[in-house]
Amino acid sequence: MEFETTTDTSRSGLASDPQGPSSLVVDWNATVRIEVLPPDSGTPGGIRLRTTYEKSAASIRSDTFDPAADETTEQYHRLEGKVVEFTLDAGGKVKYVSGIEGIVDSEKAAQSAREWIAQLSASAGAPPGGVSVGQTWSSEQPADSLPIAGLVWHTDSEYLRNEPCHPRNPDVPPVPGDADPAANSQPATDCAVILANLNLVRSKSVRDPTPPELQKNGVQSTGTWNGTAQSLLYVSLASGLVISVTQTGTEKMNVTLTSNRNTSMRYAGTISTRSQVALVPDATLVK
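Here is what the cut-offs are and how they apply
- Each residue is numbered by its place in its chain's sequence as written, counting from 1.
- In view of the model being predicted, local features appear only for residues whose pLDDT reaches at least 70, and side-chain atom pairs are presented and counted only at 80 or more, with totals across whole chains, interfaces and linings using the full set of residues.
- For the side-chain quantities, the full set of heavy atoms in the structure was used; hydrogens and water were omitted.
- Think of it this way: any DSSP run of H or I at least four residues long counts as a helix, any run of E at least two long counts as a strand, and we number them from the N terminus.
- Under the scheme applied here, a residue whose accessible area is under 20% of the maximum for its type counts as buried, over 50% as exposed, and between as partly exposed, the area being computed with a 1.4 Å probe on protein chains only.
- To be clear on the numbers: accessible area is Shrake-Rupley with a 1.4 Å probe, and residue cover counts the displayed protein chains and nothing else.
- Scored from 0 to 100, pLDDT reflects the predictor's confidence in each residue.
- Contacts between residues were defined by any pair of non-hydrogen atoms, one from each residue, lying within 4.5 Å.
- Whether two aromatic rings pair depends on their centres lying within 6.5 Å, for rings of Phe, Tyr and Trp, where Trp uses its six-membered ring; planes under 30 degrees apart make the pair stacked, over 60 edge-to-face, and the rest tilted.
- Disulfide: a pair of cysteine sulfur atoms within 2.5 Å of each other.
- Salt-bridge detection follows one rule: a side-chain nitrogen of Lys or Arg within 4 Å of a carboxyl oxygen of Asp or Glu.
- Side-chain atoms within 4.5 Å are what join buried Ala, Val, Leu, Ile, Met, Phe, Trp, Tyr and Cys residues into a set we call a nonpolar core.

Caption draft 1: Seen up close, the overall build of the protein chain. Within the protein chain, the secondary structure is distributed over three helices and 11 strands. Looking at the 287 residues of the protein chain, the share that counts as buried comes to 31%. Counting every atom, the protein chain has about 17,000 Å² of accessible surface; 53% of that belongs to carbon and sulfur.

In structure tokens, the structure reads:
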């Protein structure tokens, strides 16, 4: 997995920090092992997966000195060896997650991680019975981790074509035996190529734009949060597994948080993301 996040933001009010970095770039690279576990009897037709962070490293760049950079880099490194288990229902949606709380520092971050895991399911939101080349469909995923209520990620997907599964990533070391075609008995497979366009939209009118979690803490939120993204998925026609996902996206926000003590903080700026998640062969299984 490769993730690059560029954040250009400004803060004012109670938490104003004129010396803090306004532009921050985080590059994160990780290798995650996925294991299929015995099915959960409480989720008919579902599957259980265990993910283990085998490698995790990050680098951070900012336009000013960031005293928290070393601590943040170490947080990513501490992911190595951590285990997260989650259950998918028969429709491919994430129903249960365990282990995140031991990795991230807050429930809000845990919710963000659950949403990220949910986006990795190629079948979530797809029409029942499968899809064919040229078909389009739409789906929605609540954006519950944002400080503005009533927003959802609306996704319009299109099955573009079939073609050989993604070419080898030059940053991934070759698996022993790949250099010799005769040593690798697994034939090349075709993939379904699916293009997804995501837009952050308001699902319904809400009287109070403050999420319930902030309300419980005596905080009111006002402002706007917009976002767009585009994903390209390669899904194996033979196994149904997602072989690779690449995504680019941008979010723009201008939000003010006000406490019940009449103190406020304004958060405004842009977050740009670029990511690639690719399935690689297990070297231990190559004969």
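There's plenty left to go through after this.
Caption draft 2: Just the confidence of the model for the protein chain, in detail. When pLDDT is averaged along the protein chain, the result is 78; 77% of the residues meet or exceed 70. Counting contacts from residues 169-186, a segment whose pLDDT is below 50, to residues more than four positions away or on other chains yields 17 contacts.

Caption draft 3: Region of interest: the packing of aromatic side chains. Across all of its chains, the model carries three aromatic pairs by this definition. Ring plane angle 45° and centroid distance 5.4 Å describe the contact between tryptophan 28 and tyrosine 76, whose orientation is recorded as tilted. Residue tryptophan 28 is located in strand β2 (residues 23-37), and its partner tyrosine 76 is located in helix α1 (residues 69-77); the two are separated by 48 residues in the primary sequence. Grouped by ring-pair contacts, the aromatic residues Phe3, Trp28, Tyr53 and Tyr76 constitute a single cluster.

Caption draft 4: Structural context of the state of the cysteines. Tallied over the full model, the rule gives one disulfide. Here cysteine 165 connects covalently by a disulfide to cysteine 191, the sulfurs 2.1 Å from one another. Judged by the torsion about the S-S bond (90°), the cysteine 165/cysteine 191 disulfide is right-handed. With cysteine 165 in the loop between β7 (151-164) and β8 (190-202) and cysteine 191 in strand β8, this pair connects stretches of sequence that are 26 residues apart. The same class applies to cysteine 165 and to cysteine 191, which are both buried.

Caption draft 5: Summary view of the pattern of salt bridges. Going through the model one piece at a time under the given rule, you end up with seven salt bridges. Close ionic contact of glutamate 4 with arginine 274 constitutes a salt bridge, the shortest N to O distance being 3.4 Å. Of the two residues, glutamate 4 sits in strand β1 (residues 2-13) while arginine 274 sits in strand β11 (residues 264-278), which places them 270 residues apart along the sequence. The closest approach of N and O atoms between glutamate 213 and lysine 216, which form a salt bridge, is 3.3 Å. Of this pair, glutamate 213 and lysine 216 both sit in helix α3 (residues 212-216), three residues apart, roughly one helical turn.

Caption draft 6: View of unusual backbone geometry. Look at asparagine 262: it is not a glycine, yet its phi comes out positive at around 65°. Relative to the helices and strands, asparagine 262 is located in the loop between β10 (242-259) and β11.

Caption draft 7: Main features of the environment of serine 22. The topology assignment puts serine 22 in the loop between β1 and β2. In sequence terms serine 22 and aspartate 66 are 44 residues apart; their C-alpha atoms lie 10.0 Å from each other. Apart from the residues within four sequence positions on either side, serine 22 is in contact with Thr7, Asp8, Thr9 and Asp63.

Caption draft 8: Inspection of the nonpolar core at higher detail. By size, the foremost hydrophobic cluster in this structure holds 14 residues, and its most contacted members are Ala143, Leu146, Leu151, Leu200, Trp225 and Met253. Looking at which element gives the most residues to this core, the answer is β8, with three residues. Ignoring sequence-local partners within four residues, the contact set of leucine 200 consists of Ala143, Leu146, Leu151, Val152, Trp153, Trp225, Asn226 and Gly227. In this structure, Met1, Leu49, Tyr53 and Ala58 belong to the second largest nonpolar core, which totals 13 residues.

Caption draft 9: Looking closely at the side chain of serine 157. Tracing the backbone through its elements, the reader meets serine 157 in strand β7. Judged by its relative accessible area of 9%, serine 157 is buried.

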